[in-house]
Amino acid sequence: MKRPRSIFMAALAVLVAVGFTMPAQPVSAQSSAALSIVPKKNYTIEPGKSVKDKLTIRNLDNNLPLELNLRVIDFTYTNDTGTPKLMLAEDAPQTTWSLKPFLTVPKTVTIPPKGSKTIEMSVSVPAKGGAGSYYSAIVYSAGSADGGNVGLSASGVTLVFASIPGKVKEDLKLEKLGAYMTDKSTKKADYVFMTTEEPQNIAYTLKNNGSVTEAPVGTITLKDLFGRERAINDVNPNSSLALIGQTRTYTACIKLASESVDFNGEKTEAKKCTPPGLWPGYYSVTADLFYGQNGNNTQEIVGKGSFWYLPLWFIIVLIVVLAVAAFYIRKLVLKIRNKMYGPQIKKSSRVRSTRK
Amino acid sequence: MKHVLVWFHSLVFSWRHMWSEEAFAILLVLFVFTTPVFAAMRLQERSLYMQNNRPGATTTYKVSFRYMSLQTVGSVDMLFCVDPIPYHPCVTPPGLDVSNAVLSDQSGETGYSILNQSTNHIVLTRPPNLISSNGSVYTLDGIVNPTDTDQAFSIRLRTHATPDATGAQIDFGSVRGQVTNGVVIETQVPPMLVFCVAQEVTENCGVTNETRYADMGQLDSESTLLAQSQMAVGTNASGGFAITANGTPMSAGTSVIDSPQVPTESIQGSNQFGLNLVANSEPSVGNDPEGIWANAIPSPDYSVSNRYKYVPGDVVAYSPNVSLMKKFTVSYIVNSSKDLRAGVYSTTITYIASGRF
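About the cut-offs
- Counting of residues starts from 1 at the beginning of each chain's written sequence and follows it residue by residue.
- Chain letters start at A and ligand numbers start at 1, both assigned in the order the entries are written.
- In keeping with the predicted nature of the model, local features appear solely for residues at pLDDT of at least 70, side-chain atom pairs appear and are counted solely at 80 or more, and the whole-chain, interface and lining totals rest on all residues.
- Helix and strand assignments follow DSSP, with helices taken as H or I runs no shorter than four residues and strands as E runs no shorter than two, numbered in order from the N terminus.
- Residue burial is a threshold on neighbouring C-beta atoms within 10 Å of the residue's own C-beta, all placed from the backbone, with 20 or more meaning buried, 12 or fewer meaning exposed, and counts in between meaning partly exposed.
- We call two residues in contact if the C-beta atoms placed from their backbones are at most 7 Å apart.
- Polar here means any residue outside two lists: the nonpolar Ala, Val, Leu, Ile, Met, Phe, Trp, Tyr, Cys and Pro, and the charged Asp, Glu, Lys and Arg; Gly therefore counts as polar.
- Pairing between strands is defined by DSSP: at least two bridges between them are needed.
- As used throughout, domain bounds are those supplied by an automatic or database domain assignment.
- Each residue after the first adds 1.5 Å to the expected span of a helix.
- For this analysis, nonpolar core means a set of buried Ala, Val, Leu, Ile, Met, Phe, Trp, Tyr and Cys residues linked through C-beta atoms within 7 Å.
- Simply put, an axis is a line fit to the C-alpha atoms, just over the touching stretch for a helix, and the angle between two N-to-C directions goes from 0 to 180 degrees.
- Note on scores: pLDDT gives the predictor's confidence for each residue, bounded by 0 and 100.

1. Some details on the overall build of chain B
Scanning chain B from terminus to terminus reveals two helices and 24 strands. Looking at chain B residue by residue over its 357 residues, the buried ones come to 44%. Residue pairs at least 24 apart in sequence account for 75% of intrachain contacts in chain B once pairs closer than 6 positions are excluded.

As structure tokens, this is what we get:
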């Protein structure tokens, strides 16, 4: 009996020794970090009903399996754009619009290399679920790698929105309206009142004081100094939402171009702004926006704004024209004065001539 | 002629004291009385309730609104269009049909019947009568819903004094509705967000070098440690994507190497951990984003060459709409001061790619 125990102890000692004497090797990533997920889901569910749906996740890696942990978290808005602020902390308080209590997803999923898996998810709204908008996010976390100073980890997020129909509080206030310059490499997006660069976007900022998310529709009309009108009928081309409490800036292209592109084998319509060919000058902007959910009042917002588009070439031409006009007007004035009063004689020469 | 002018001048000159206040007052009074009294107003508390909002279903619509002008009204014009703006050309919502609609109920201002109707137009008529109640509801059965779930539709409402919806309008306004595909609404089919992270990745995420760490070497107050990683991303979702960088800055136990909160140049001898997503020359590290699609960009704070920043949770790259695959190279720099506590400094940066709303 003593012999097997001594053999076991010796083997354990060898294992420990090997463990301590082997050089520490950085561990290569054991899970893939290349995935394809569904970015957004929208549901309309009546109280007491539930929805069963499927989420398809793909592993794009050729060699490694994709091992994902799934959890549901809440989110809100980051700023006036559509970027979510994810509440990642384990102890983050539940929001009033949280879908967490109603949303069920599996905790883990493993997908073979170059494979895909469809997982079941469900949203169940209790019979006493109040009307309004509810939203949360499903986070798919791939494990992080050990070793080195900087470890990398990848996660994907699906935003889930559910609307429970009924009487709701809807209240959008228009805060800003005008020409808008989108993010450039080093310049942050903002409204412009006077610009030398041709504006491609008109934007409007709405504050959502209601209890539901809103996606306004309507028309924006641009009018130049000569009264020529240009209508923007697609004022919310991506059906973007103003979350509860959010001040959201919506941008609409003055001239919108659609293009069919191939994305991972699927035909997709991509919309983008193209130069609208505005003439230099002053423009007035009128927005006529509508919002309101089924069975609730249709609300209308009417707003006015303006901007100046003065390209550099126009300013230069204007200065040259003004200079030329000033020159000729002066010449004309002198000519008229000469005709009326005769050629003027310099004071000094007149004095000299009288002395003589 | 000269005689007439002299006479006119003498006449007007004698009235010269009247011109100022009196004439101005008369003009003002004229303006007040000549302003059209019957200016059209917007119908208030407008709403549309669709009993069944599935595309193509035959259902009941309840149109509610409050009359604003207390005048004689003989007809209500209901025009079903995609666009709610009354002066725009009307495009009939695809699939909609109100030609067999029946006015089954009415409350508030009553006495109406359907005068005429077509695929997208209904005229309600009654003997012209003065408005006496505010809120009114009209229930129309047998309306076939539009079939397009991607766009809302509107009913343009107008009230007229005449019984056949001709002549000047009294009040106007629009109500909106949208059909949804049963219980579930899919905004785009099939939406996808493709994302990968590694030390090296290809633009389509097809191949990565399967290494997800970077060893930056030994900290030294007289040199800057460098590393880089790559990520590729793309989406066909109309809302675009956003990538946030998450995780604590480099630390060893309780000792943390601070990160600049604003884009800052690399300064040797100071404690500094930062990153950006563009090519840099001081020190030489990183690459500009690769890919032809122009609307996926690094956030402005992370796209300044030779300036580094790291705030956990910041959006480092995004696209406001559909974006084909784009590859970003992330550059990391670490500087340390002489008095930095000894230890093994490390961090894990989690890049989270999400859709936008």
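We are not done yet, so read on.
2. A closer look at the overall build of chain A
Counting its secondary structure elements, chain A contains three helices and 22 strands. Going through the 356 residues of chain A one by one, you find that 35% of them count as buried. The long-range share in chain A, meaning contacts at least 24 apart out of those at least 6 apart in sequence, stands at 70%.

3. Some points on the interface of chain A and chain B
Between chain A and chain B, the contact holds 75 residues from the first and 78 residues from the second. When residues of the side of chain A that touches chain B are assigned to their parent elements, the largest contribution, nine residues, is made by strand β11 (residues 150-164) of chain A. A class-by-class count of the residues in the side of chain A that touches chain B yields 30 nonpolar, 33 polar and twelve charged. Here β11(A) pairs with strand β24 (residues 347-355) of chain B via five bridges, running parallel.

4. Some details on the domain arrangement of chain B
According to the domain assignment, chain B contains domain 1 (41-177) and domain 2 (193-355). Centre-to-centre separation of domain 1 of chain B and domain 2 of chain B, based on C-alpha positions: 56 Å.

5. Digging into helix α2 (residues 312-341) of chain A
Residue and element names in this part refer to chain A. Over its 30 residues, α2 extends 43 Å from the first C-alpha to the last, a length consistent with the 44 Å expected when each residue adds 1.5 Å. With respect to burial, α2 is a largely exposed element, only zero of its 30 residues being buried. In the stretch just after α2, G342 is the one whose phi turns positive, near 80°.

6. A few points about the sheet that holds strand β9 (residues 116-124) of chain A
Across the sheet, eight strands lie side by side as β7(A)-β9(A)-β3(A)-β1(A)-β12(B)-β14(B)-β23(B)-β18(B); this open sheet has antiparallel pairing. Two strands close off the open sheet at either side, each with one partner strand: β7 (103-104) of chain A together with β18 (272-276) of chain B. Where strand β3 (residues 50-59) of chain A and β9(A) come together, nine bridges link them in antiparallel fashion. From the neighbouring strand, A:K52 faces β9(A), where its bridge partner is A:S122.

7. Thoughts on the pairing of strand β16 (residues 217-224) of chain A
Residue and element names in this part refer to chain A. When β16 meets strand β21 (residues 281-291), the two strands line up antiparallel, connected through eight bridges. Across the sheet, K223 pairs through a bridge with S284, a residue of β21. Taken together, β16 and the strand that follows it, strand β17 (residues 229-232), pair antiparallel across an intervening segment of four residues, in which G227 is found at a positive phi of about 85°.

8. A word on the nonpolar core
Counting residues in hydrophobic clusters, the biggest one holds 146 residues, and the most contacted among them are B:C196 and B:I243. Discounting chain neighbours no more than four positions away, the residues touching B:C196 are A:A33, A:A34, A:L60, A:A154, B:V201, B:C205, B:T208, B:M231 and B:A232.

9. A few points about the environment of A:N294
Along the chain, A:N294 turns up in the loop between β21 and β22 (299-309). For the pair formed by A:N294 and A:V168, sequence separation is 126 residues and the distance between their alpha carbons is 10.0 Å. With residues up to four places along the chain from it excluded, the contact list for A:N294 reads A:P165, B:Y49, B:M50, B:N53 and B:G177.

10. Re the pairing of β18(B)
Residue and element names in this part refer to chain B. The buried fraction of β18 amounts to five of the five residues, a majority that puts the element mostly inside the structure. Where burial is concerned, the two faces of β18 agree: the one with Q272, G274 and N276 and the one with F273 and L275 are both buried. Examined bridge by bridge, β18 and strand β23 (residues 323-335) share five bridges and lie antiparallel to one another. By the bridge assignment, L275 is partnered in β23 with Y332.

11. Remarks on the sheet that holds strand β18 (residues 247-253) of chain A
Residues and elements named next belong to chain A. One open sheet holds the four strands; their spatial order is β13-β12-β15-β18, and the pairing between them is antiparallel. Each edge of the sheet is formed by a strand with only one pairing partner; in this case those strands are β13 (190-192) and β18. Averaged over neighbouring strand pairs, the angle between their axes works out to 40° when direction is ignored.

12. Side note on the environment of B:L226
Residues and elements named next belong to chain B. Tracing the sequence through the fold places L226 in strand β14 (residues 225-235). The sequence separation of L226 and P283 amounts to 57 residues, and the corresponding C-alpha distance is 8.3 Å. Residue contacts for L226: discarding those within four places in its chain leaves M216, P283, V285, Y332 and I333.

13. Overview of the confidence of the model for chain B
Averaged over all residues, the pLDDT of chain B equals 86, while 87% of them reach at least 70. Confidence drops under a pLDDT of 50 for residues 32-38 of chain B, and excluding neighbours within four residues, the segment shows one contact in the predicted structure.

14. Structural notes on unusual backbone geometry
Residues and elements named next belong to chain B. Residue P283 is reached from E282 by a cis peptide bond, and omega for that bond is -10°. One non-glycine residue, E210, adopts positive backbone phi at about 60°. Within the secondary structure, E210 is located in the loop between β12 (193-198) and β13 (213-214). The phi dihedral of N306 falls on the positive side, at around 65°, and the residue is not glycine. Relative to the helices and strands, N306 resides in the loop between β21 (297-298) and β22 (315-319).

15. Examining the domain arrangement of chain A
Residue and element names in this part refer to chain A. Taken domain by domain, chain A comprises domain 1 (29-164), domain 2 (172-310) and domain 3 (322-355). The gap between the C-alpha centroids of domain 1 and domain 2 is 30 Å. Domain 1 puts nine residues into the contact, and the matching count from domain 2 is eleven residues. Its residues assigned to classes, the side of domain 1 that touches domain 2 comprises three nonpolar, five polar and one charged.

16. Some thoughts on the confidence of the model for chain A
Across chain A, the average pLDDT comes to 85, with 87% of residues at 70 or higher. Predicted confidence for residues 15-29 of chain A stays below pLDDT 50, and this span has 14 contacts to residues more than four positions away or in other chains.

17. Quick look at the environment of A:M181
The residue A:M181 is located in strand β12 (residues 172-181) in this model. For the pair formed by A:M181 and A:T251, sequence separation is 70 residues and the distance between their alpha carbons is 9.4 Å.

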